[in-house]
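# Structural characterization, general
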Amino acid sequence: MVGDPHFPDYFMHKLLVTGGSLLEGDVYVSGSKNSALPILAATLLTRDQCVIHRVPDLSDTNYMTQILASLGAHVERASGTVMVEAEDVKSEAPYDLVRRMRASICVMGPLLGRTGEAMVSLPGGCVIGDRPVDLHLRGLEQLGASVSVQGGNMHIKAVEGMGGREVNMRGKHGSTVLGTDNLMMAAVLVPGTTVIEGAAMEPEVEDLANFLIRMGAKIEGAGTRRIVIEGVRELHGAEHTVIADRIEAGTFLIAGAIAGKRVTLRRCCPEHMTAFLKTLTDSGYPVTVEGDSITVSRADNPRGGEIRTEPYPGFPTDMQAQFTALYASVPGISVITETIFPQRFMHVPELNRMGAQITLEGATAVIKGVPQLSGAPVMASDLRASAALVLAGLGAEGETEINRLYHIDRGYEHIDDKLSRLGANVRRVKA
Ligand code: EPZ
């Protein structure tokens, strides 16, 4: 299984990318990692069988299925389909699995909703910056739950009269995606009307709500800042197909912009990608949209741009590193300001090792485009920074060696196979 950390030498895998190939052809976009993770967690809310299609084969989704199994659920996986039957569920999530993936925190809401209690370890730090959980805990308290943090664990308990309240999820960096997910999943089985103000509007939040509604939940307003939930007594099993991964799709669009002749994405949701499609066309790259396909061609006169990451529907922070890699070899000065994770620039020193001219001023990267980057051994760090290094290697002179490949396998399904099918010179080797 991809990203199986129990493979002794898995951690030594690296990717060799040799620039110079012209990419051409179709790439089929996988199901969304950031939609599949909370939807898998939501299967804990019913004892019936749930069937989830288009779950990408990633180490993150594998971790989530392991967590569900460790909580007592019966889990089966057949390629992109996962079947979950959570007849009896424990309320304590296992530390050794939870500590490996921050997104595990999204089992908190369903455990509370199903069992009336949740014990989940505090997520560890993360290279993209501070990852607090205060908004999750504040929201659950506003819902009426008792919340305590002790010994590195969050302990949430349902109390009499819980629910039927107004909860505000807004923080200094805008709304919280997984926080909104947790509150929705905690509230669907709580009596009364719960209103979530300042909710995240990401398509993945809406996809989770659509799955919960299929299970019998009463939810209105998902995809807007205000979500209204009418509690129901119980939820039943459901079948659901996860939406396309807009960030994987965007990453391959940048591959086409950097090294394409012409790359077409299939089975994606262009309506979820408007902010960065506009940024790409504003930078001179011809983009055409037809149904669930998007084609990007090489630009005659590419130019830099100005980006400011924002909560959806603004420019997504998860596409910031990929655009930094693009702008590194585009004429002119580009400026990228990261408002969601101000420290999310682990890719910058590695891109500069490849000859990029990027300076950081606080949460702003100022990029002076150079004619071409040079291949070099670089170190992957977080998921999107690692993808940015692969993209940079596609357009660089010579060979780029990307170490710690497990970062990429967390969020990109078979990225080397997909790039090779486009004509890229990419090889996965064991160090
Ligand atoms: C989700 O993380 C995504 N992960 C992230 O994608 C994505 O970058 C992020 O949303 C923002 O879009 C998944 O969906 C699994 P947040 P999440 O809570 O929900 C602050 C990737 O590359 N905040 O929306 O954990 C936080 O520090 C990953 O696929 C608080 O202050 O992010 C940040 O500044 C990386 N208190 C902002 O809110 C809290 O309690 C947005 O974070 C929670 C968050």
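Residues numbered from 1 in each chain as written. Predicted model: local features only at pLDDT ≥ 70, side-chain atom pairs only at ≥ 80, totals over all residues. Heavy atoms only, no water.

### Points about the pattern of salt bridges
Heads up, the condition is: Should a side-chain nitrogen of Lys or Arg be within 4 Å of a carboxyl oxygen of Asp or Glu, the pair is scored as a salt bridge. The numbering of helices and of strands both runs from the N terminus, where a helix is a DSSP run of H or I of at least 4 residues and a strand a run of E of at least 2. Relative accessibility under 20% of the residue-type maximum defines a buried residue, over 50% an exposed one, and the middle range a partly exposed one, all with a 1.4 Å probe and only protein chains included.
With the rule as written, the count across this model stands at 15 salt bridges. For D60, the salt bridge is made with K33, and the minimal N-O distance between the two is 3.9 Å. Placement of the pair is D60 in helix 2 (residues 59-70) and K33 in helix 1 (residues 33-42), with a sequence separation of 27 residues. Note on accessibility: D60 and K33 belong to one class, buried. For D60, the salt bridge is made with R410, and the minimal N-O distance between the two is 2.8 Å. Of this pair, D60 sits in helix 2 while R410 sits in the loop between helix 13 (406-409) and helix 14 (415-421); the two residues are 350 residues apart in sequence, bridging distant segments of the chain. According to the relative accessible area criterion, R410 is partly exposed, its value standing at 27%. When salt bridges with common partners are traced through the structure, they connect K33, D60 and R410 into a single cluster.

### Here we look at the nonpolar core
Filter applied, for reference: As used in this record, nonpolar core signifies buried Ala, Val, Leu, Ile, Met, Phe, Trp, Tyr and Cys residues forming a set joined through side-chain atoms within 4.5 Å. A contact between two residues is defined here by any heavy atoms of the two lying within 4.5 Å.
Grouped together as the largest cluster of nonpolar side chains are 72 residues, with contacts concentrated most on I156, M184 and L212. If near-sequence neighbours (up to four positions away) are discounted, M184 is found in contact with I196, V205, L208, A209, L212, I219, I227 and I229. One finds C269, A380, V390 and I408 within the second-largest nonpolar core, a separate group that totals 69 residues.

### Looking at the packing of helix 8 (residues 246-259) against helix 10 (residues 320-327)
Put simply, the test is: With axes taken as lines fitted to C-alpha atoms, and helix axes fitted only over the stretch in contact, angles between N-to-C directions fall between 0 and 180 degrees. Any angle that falls under 35 degrees is termed roughly parallel, while one over 145 is termed roughly antiparallel, one within 65 to 115 roughly perpendicular, and all others oblique. When residue character is reported, Ala, Val, Leu, Ile, Met, Phe, Trp, Tyr, Cys and Pro are called nonpolar, Asp, Glu, Lys and Arg charged, and the others, Gly included, polar.
Relative orientation of the contacting elements helix 8 and helix 10 amounts to 0 degrees, with a least axis distance of 10 Å. In terms of their interaxial angle, helix 8 and helix 10 are classed as roughly parallel. Contact residues: I247, T251, I254, A257 and I258 in helix 8; Q322, F323, A325 and L326 in helix 10. Classifying every residue of the contact of helix 8 with helix 10 by side-chain character gives seven nonpolar, two polar and no charged.

### Points about the pairing of strand 6 (residues 117-121)
For clarity, the cut-off: Paired strands are those between which DSSP finds at least two bridges.
In terms of residue burial, strand 6 counts as a mostly covered element, since four of its five residues are buried. Sheet analysis places strand 6 next to strand 8 (residues 153-157), joined by five bridges and oriented antiparallel. What sits directly across from S121, in strand 8, is N153.

### Re the environment of S59
What counts, and what does not: Contacts described as polar in this section are N or O atom pairs within 3.5 Å, which, within protein, must combine one atom able to donate a hydrogen with one able to accept it, while residues neighboring in sequence count only if both atoms come from side chains.
Following the sequence through the fold, S59 ends up in helix 2. Considered as a pair, S59 and A209 are 150 residues apart in the sequence and their alpha carbons are 24 Å apart. A distance of 3.4 Å separates a polar atom in the side chain of S59 from the backbone nitrogen of R410.

### Quick notes on the sheet that holds strand 8
Pairing within the open sheet is antiparallel, and its three strands lie in the order 6-8-7. Single-partner strands in this sheet number two, and they are strand 6 and strand 7 (146-150). Averaged over all pairs of adjacent strands, the angle between their axes in this sheet comes to 15 degrees, without regard to strand direction. The strands touched by helix 4 (residues 108-115) are strand 6 and strand 8; relative to strand 6, the strand with the most contacts, the crossing angle is about 155 degrees. Where helix 5 (residues 134-143) meets the sheet, its contacts fall on strand 7 and strand 8, and the angle it forms with strand 7 comes to roughly 145 degrees.

### Comments concerning the packing of helix 5 against helix 6 (residues 177-187)
Helix-helix packing is characterised by the crossing angle of the two axes and by the distance between the axes. Rule in force here: Each crossing gets its handedness from the near helix: less than a right angle anticlockwise from the far helix is left-handed, clockwise is right-handed.
Contact pair helix 5 / helix 6: the axes reach a minimum separation of 9 Å and the direction vectors enclose 25 degrees. Between helix 5 and helix 6, the interaxial angle falls into the category roughly parallel. Crossing handedness for the pair helix 5 and helix 6: right-handed. Facing helix 5, whose interface residues are H136, G139, L140 and L143, helix 6 presents L178, G179, N182, L183, A186 and A187.

### A word on the domain arrangement of the chain
Basically, it comes down to this: Domain ranges listed in this record stem from an automatic or a database domain assignment. Once two parts are joined, some of their accessible surface, as seen by a 1.4 Å probe, is lost; buried area is that loss totalled over both.
For the chain, the domain assignment lists domain 1 (9-30 + 244-430) and domain 2 (33-241). One C-alpha centre belongs to domain 1, the other to domain 2, and the line joining them spans 30 Å. Contact with domain 1, which involves 29 residues of that partner, is made by 22 residues of domain 2. In this assembly, domain 1 packs against domain 2 so that about 2100 Å² is buried in total across both faces, 51% of it on carbon and sulfur atoms. For domain 1, the biggest contributors to the area lost against domain 2 are Y312, F341 and R410; these three give 28% of the whole. At the junction of domain 1 and domain 2, the tally comes to two salt bridges. For E204, the salt bridge is made with R246, and the minimal N-O distance between the two is 2.8 Å. Where domain 1 packs against domain 2, one counts eleven residue pairs in polar contact (both at pLDDT 80 or more). Contributions of two or more residues to the side of domain 1 that touches domain 2 are made by helix 12 (383-395) and helix 13. Residues of the side of domain 1 that touches domain 2, tallied by class, amount to twelve nonpolar, seven polar and ten charged.

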